[in-house]
Amino acid sequence: MNESEAKRRYDAACAIGREAGELARRMFEAREANTFVMKGHQDYLTEADGAVERLITGRINELFPDDFVLGEEGGGAIGENTWIIDPIDGTANFARGIPHFCVSIGFVSGGIRTAGIIANPMADEFYAARRGGGATLNGKPMKISGITDIRQSTVELGWSSRLPMSDYIAMVQRVTDTGAGFLRRGSGALALADVAAGRIDGYAELHINSWDIAAGLLLVEEAGGWGNDFFAGEGMTRGNPVLACVPALRAVLSKTTDIA
Ligand code: LIP
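What counts, and where the lines are drawn
Residues numbered from 1 in each chain as written. Predicted model: local features only at pLDDT ≥ 70, side-chain atom pairs only at ≥ 80, totals over all residues. Heavy atoms only, no water. Pairing = 2+ DSSP bridges. Helix = DSSP H or I, 4+ residues; strand = E, 2+ residues; numbered from the N terminus. Contact = heavy atoms within 4.5 Å. Axes fitted to C-alpha atoms, helices over the stretch in contact; angles between N-to-C directions. Phe/Tyr/Trp six-rings, centres within 6.5 Å; stacked < 30°, edge-to-face > 60°. Lys NZ or Arg CZ within 6 Å of the ring centre and 35° of its normal. Domains from an automatic or database assignment. Buried area = accessible area lost by both parts, 1.4 Å probe. Salt bridge = Lys/Arg side-chain N within 4 Å of Asp/Glu carboxyl O. Polar contact = N/O pair within 3.5 Å; in protein donor to acceptor, adjacent residues only side chain to side chain. Nonpolar A, V, L, I, M, F, W, Y, C, P; charged D, E, K, R; others polar. Near = heavy atom within 4 Å. Areas by Shrake-Rupley, 256 points an atom, 1.4 Å probe, with all protein chains shown as cover. Left-handed = near helix turned anticlockwise from the far one by under 90°. Core = buried A, V, L, I, M, F, W, Y, C linked by side-chain atoms within 4.5 Å. Buried < 20%, exposed > 50% of the residue type's maximum accessible area, 1.4 Å probe, protein only.

Take the sheet that holds strand β3 (residues 68-71) next. The strand order across the open sheet formed by eight strands is β4-β3-β5-β6-β7-β8-β9-β10, and the pairing between neighbours is mixed. In this open sheet, the two edge strands, each paired with only one partner strand, are β4 (75-76) and β10 (140-141). Judged from the six bridges that link them, strand β7 (residues 112-120) and strand β8 (residues 125-130) form a sheet pairing that is antiparallel. Following the sheet pairing, Ile118 is matched in β8 by Tyr127.

Moving on: the sheet that holds strand β15 (residues 240-245). Spatial strand order, β12-β11-β13-β15-β14: five strands in an open sheet with mixed pairing. Two strands in the sheet have a free side with no partner beyond their single neighbour: β12 (181-183) and β14 (226-227). By the bridge criterion, three bridges tie strand β11 (residues 154-157) to β12 in an arrangement that is parallel. The residue of β12 that forms the bridge with Glu156 is Leu183. Of the strands in this sheet, β11, β12 and β13 (202-208) touch helix α4 (residues 165-176), which is tilted by about 175 degrees from β11.

Inspection of every chain in the model, using the stated rule, returns six aromatic pairs. One aromatic cluster is present, formed by Phe28, Phe94 and Phe101 through successive ring pairs. Directly above the ring of Phe126 sits Arg18, whose terminal nitrogen or CZ lies 4.0 Å from the centroid. Sitting over the ring of Phe28, Arg31 keeps its end group 4.4 Å from the ring centre.

Assigned domains of the protein: these are domain 1 (3-141) and domain 2 (150-257). Just the C-alpha atoms count here: the centres of domain 1 and domain 2 sit 19 Å apart. Contact residues are listed per partner, giving 38 residues for domain 1 and 29 residues for domain 2. Together, the buried faces of domain 1 and domain 2 total about 2600 Å²; carbon and sulfur atoms form 65% of this surface. Between Arg113 and Glu221 there is a salt bridge, and its shortest N-O distance comes to 2.7 Å. The tally of links from domain 1 across to domain 2 stands at 12 residue pairs in polar contact (both at pLDDT 80 or more). Secondary-structure elements contributing two or more residues to the side of domain 1 that touches domain 2 are β3, β5 (81-89), β6 (102-109), β7, β8 and β9 (134-137). Ranked by the residues each element gives to the side of domain 1 that touches domain 2, the list is headed by β7, at seven residues. For the side of domain 1 that touches domain 2, the class distribution of residues is 16 nonpolar, 15 polar and seven charged.

This part takes up the site of the ligand. Taken together, 17 residues sit near the ligand, with Asp89, Gly90, Thr91, Trp159 and Glu205 positioned nearest. Interatomic distance of 2.9 Å between a side-chain N/O atom of Glu72 and an oxygen atom of the ligand. In the model, an oxygen atom of the ligand is placed 3.0 Å from a nitrogen or oxygen of the Tyr203 side chain. Relative to its unbound accessible area of 370 Å², the ligand is 92% covered by the protein chains.

On to the packing of α4 against helix α8 (residues 250-257). Look at α4 against α8: their axes get within 8 Å of each other, and the N-to-C directions meet at 145 degrees. The handedness of the crossing between α4 and α8 is right-handed. Seen from α4, the contacting residues are Met171, Arg174 and Val175; seen from α8, they are Leu253, Thr256 and Thr257. Residue composition of the contact of α4 with α8, grouped by class: three nonpolar, two polar and one charged.

Among the nonpolar cores identified, the biggest contains 52 residues, and Ile118, Leu157, Ile213, Leu219 and Leu253 are the most heavily contacted of them. Looking at which element gives the most residues to this core, the answer is helix α6 (residues 210-222), with eight residues. When residues of this core are assigned to domains, at least three fall in each of domain 1 (3-141) and domain 2 (150-257). Setting aside anything within four residues of it in sequence, one finds Leu253 in contact with Ile150, Val155, Val175, Gly202, Leu243, Cys245 and Asp258. By size, the runner-up hydrophobic cluster in this structure holds 31 residues, among which are Ala13, Ala24, Ile85 and Phe107.

The following block contains the structure:
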């Protein structure tokens with residue numbers, strides 16, 4: 001994709017992301033307590049997931065009718081130019097009234113993460129990145145932390161019911177045995193945004209979906225961090241393990257999470 005077309009996608013992602021973030025905020029503030037359904041074990045679905053995804057998909061189809069769209073709720077297809085959408089990442093938090101969720105929009109061209117935004121409306125934080133153009137938080141350049149000692153680090157370790165809890169607990173034990181601190185806050189996208197902003201030093205999950213990471217991995221890479229080859233194999237459609245971190249901790253985190 002040429003530079004001007006990539007810039008059009010980036011600008012559109014920013015505009016659509018801001019609009020979607022405000023819709024998510026309005027629906028969060030207007031929701032009735034505990035109005036949600038379960039897609040599966042500990043897998044929540046709210047009215048906002050569908051409404052926000054429909055808004056985003058509609059805007060993309062208007063602007064770029066030949067692009068492909070893959071969304072968490074609506075599904076879709078992948079192609080040369082594909083938008084990958086998580087309308088509400090951190091749905092469990094949204095459903096229970098915890099203001100830790102975001103809208104994530106990634107754009108991938110020729111298998112390369114090209115543009116991405118994450119809108120965190122409850123914190124008034126908007127993250128954006130363009131391949132080769134750096135990463136910003138509320139319009140200001142952001143960069144990963146300078147942490148080089150695992151014993152001073154904080155790492156977020158994502159969890160879902162897609163894999164046995166025993167695998168997760170074993171990973172937490174291996175990582176924390178190095179002296180690292182750990183978090184689990186229920187939004188992989190916001191965890192990746194915090195790595196890019198230098199607030200934490202790594203994020204790993206043994207299985208996660210492409211819509212959770214398509215924007216966040218680009219944020220980390222453009223902020224000076226490292227991310228695994230998540231799209232290898234069928235990663236875009238079936239998910240994969242994810243590891244993103246400051247380069248100085250790549251070896252120890254790759255070993256202890258068993259994610260290359
Ligand atoms: C979430 C991911 C998170 C994972 C959660 C959940 P959702 O996505 O972002 O990393 O640990 O279990 O899958 O369902 O909130 O869009």
